[in-house]
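# An overview of the molecular structure
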Amino acid sequence: MFSLKQLGALTHARVLLRSGRPGSLLQTAPLSGSSIKSLQDAFRDPSSPFHIAPGETGPESPDAPSSPPDPTPSQSNHPAAVGSPAENAKAKLISMGYDAGSLWEQSIVWGHQDSFRHVNNAHYLRFIESGRMVWLVALGKALGGEERVKAMLAGQGVSLILKSASINFRRPVTFPDTLLIGHKPIISSSRTQFTLNAVLYSYSQQAIVADSDSMLVWYDYDSLRKCNPGDDTWRILNAAS
């Protein structure tokens, strides 16, 4: 069986033979058995204009343009995500520099939605607060273990107080879903405050649906004023930023 390209070339050869134009493979017609063999030999000859490499297909007619290369990337160029949505989300946030010890899973329930059938914006502050407290516990353990964690959560001695918070809503979230929330500090030249950045990553959408910046102030709850927590604390924060 001839391929489409071979049939096209064969038709073109017949036209040349009938017209008698220069460039024909043979100058006699009709095609004999030896003529067909000559055409087949031309198909196999890489230097011949009628050559068709193994595995290729040709045009449907002699005048049809050659097929352009397939612009669609192969599947190997776009490997599918490996692992569960939770594993992919965790790997994504850690690769972005978010503290693995601060990751908090927030399940979305039906009651989180409003009349527009997506999670109401007011809930995001609570979600971020829950994740921030997980981050604070991890920080307290790094600063002084379980006793320091208890003191910071109870507002005893030097701890943190929220000064301000902003949220960027990127995508609507609907039930059912789970959000993975991660935090990381952004340190400036200030010795009494810093920014705590957060992202909210949707398992269902496999994308960041919101991000937030909170300004946290170091506060001495015994003297009721902001303070400098000391070089050791800043060293730990800088290492986590």
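Each residue is numbered by its place in its chain's sequence as written, counting from 1. Under the rules for a predicted model, residues below a pLDDT of 70 receive no local features and side-chain atom pairs below 80 are neither given nor counted, while totals for whole chains, interfaces and linings still include all residues. As a rule here, side-chain values cover all heavy atoms of the structure and leave hydrogens and water aside.

## Re the pairing of strand E5 (residues 207-220)
For clarity, the cut-off: Relative accessibility thresholds used throughout: buried, under 20% of the residue-type maximum; exposed, over 50%; partly exposed, between the two (1.4 Å probe, protein chains only). Where helices and strands are cited, they refer to DSSP runs of H or I of at least four residues and of E of at least two residues respectively, numbered from the N terminus. A pair of strands is considered paired only if DSSP assigns at least 2 bridges between the two.
Here E5 lies mainly inside the structure; 12 of its 14 residues are buried. Looking at chain direction, strand E2 (residues 158-169) and E5 are connected through 11 bridges and run antiparallel. Its bridge partner being in E5, Ile 161 is matched across the sheet by Val 217. In the sheet, strand E4 (residues 193-202) pairs with E5 via 10 bridges, with the strands oriented antiparallel. Among the inter-strand pairings, Thr 195 is bridged to a residue of E5, identified as Met 215. Count of turn residues in the E4/E5 antiparallel hairpin: 4 residues, of which Gln 206 carries a positive phi of about 50°. Pairing analysis gives 2 bridges linking E5 to strand E6 (residues 225-226), with the strands arranged antiparallel.

## Notes on the packing of aromatic side chains
For clarity, the cut-off: Two rings from Phe, Tyr or Trp (for Trp, the six-membered ring) form a pair when their centres sit within 6.5 Å of each other. Planes less than 30 degrees apart are called stacked, planes more than 60 degrees apart edge-to-face, and all others tilted. When the NZ atom of lysine or the CZ atom of arginine is within 6 Å of a ring's centre and also within 35 degrees of its normal, the charge is said to sit over that ring.
According to the stated counting rule, one finds 7 aromatic pairs in the structure shown. Ring geometry for Trp 135 against Phe 194: centres 6.0 Å apart, planes inclined by 55°, an arrangement best described as tilted. Taken together, the positions of Trp 135 in helix H4 (residues 122-154) and Phe 194 in strand E4 put the pair 59 residues apart, joining distant regions of the chain. Among the residues examined, Trp 135 registers a relative accessible area of 3% and is labelled buried. What makes Phe 194 buried here is its relative accessible area of 1%. For the ring pair Phe 194 and Trp 234, a centre distance of 6.3 Å and an interplane angle of 85° mean the geometry is edge-to-face. Taken together, the residues span a long stretch of sequence, with Phe 194 in strand E4 and Trp 234 in helix H5 (residues 231-240) at a distance of 40 residues. Grouping aromatic residues by their ring pairs yields a cluster made of Trp 135, Phe 194, Trp 218 and Trp 234. Between the NZ or CZ atom of Lys 184 and the centre of the ring of Tyr 98, over which it lies, the distance is 4.6 Å.

## Side note on the nonpolar core
A general feature of soluble globular proteins is that nonpolar side chains tend to end up buried together. Our working definition: The definition of a nonpolar core used throughout is a set of buried Ala, Val, Leu, Ile, Met, Phe, Trp, Tyr and Cys residues joined through side-chain atoms within 4.5 Å. The contact criterion used is simple: two residues touch if any of their non-hydrogen atoms lie within 4.5 Å.
Ranked by internal contacts, the top residues of the largest apolar core, which has 13 residues, are Trp 135, Leu 139, Leu 160, Phe 194, Trp 218 and Leu 237. For this core, the elements supplying multiple residues, two or more each, are H4, E4, E5 and H5. With 5 residues, the top contributor of residues to this core is H4. Once you skip the residues sitting within four places of it in the chain, Leu 160 turns out to touch Trp 135, Leu 136, Leu 139, Phe 194, Leu 216, Val 217, Trp 218 and Tyr 221. Formed by 12 residues, the second largest nonpolar core is a distinct cluster that contains Phe 127, Val 173, Ile 181 and Leu 200.

Treat this as a map of the structure, not an account of what it does.
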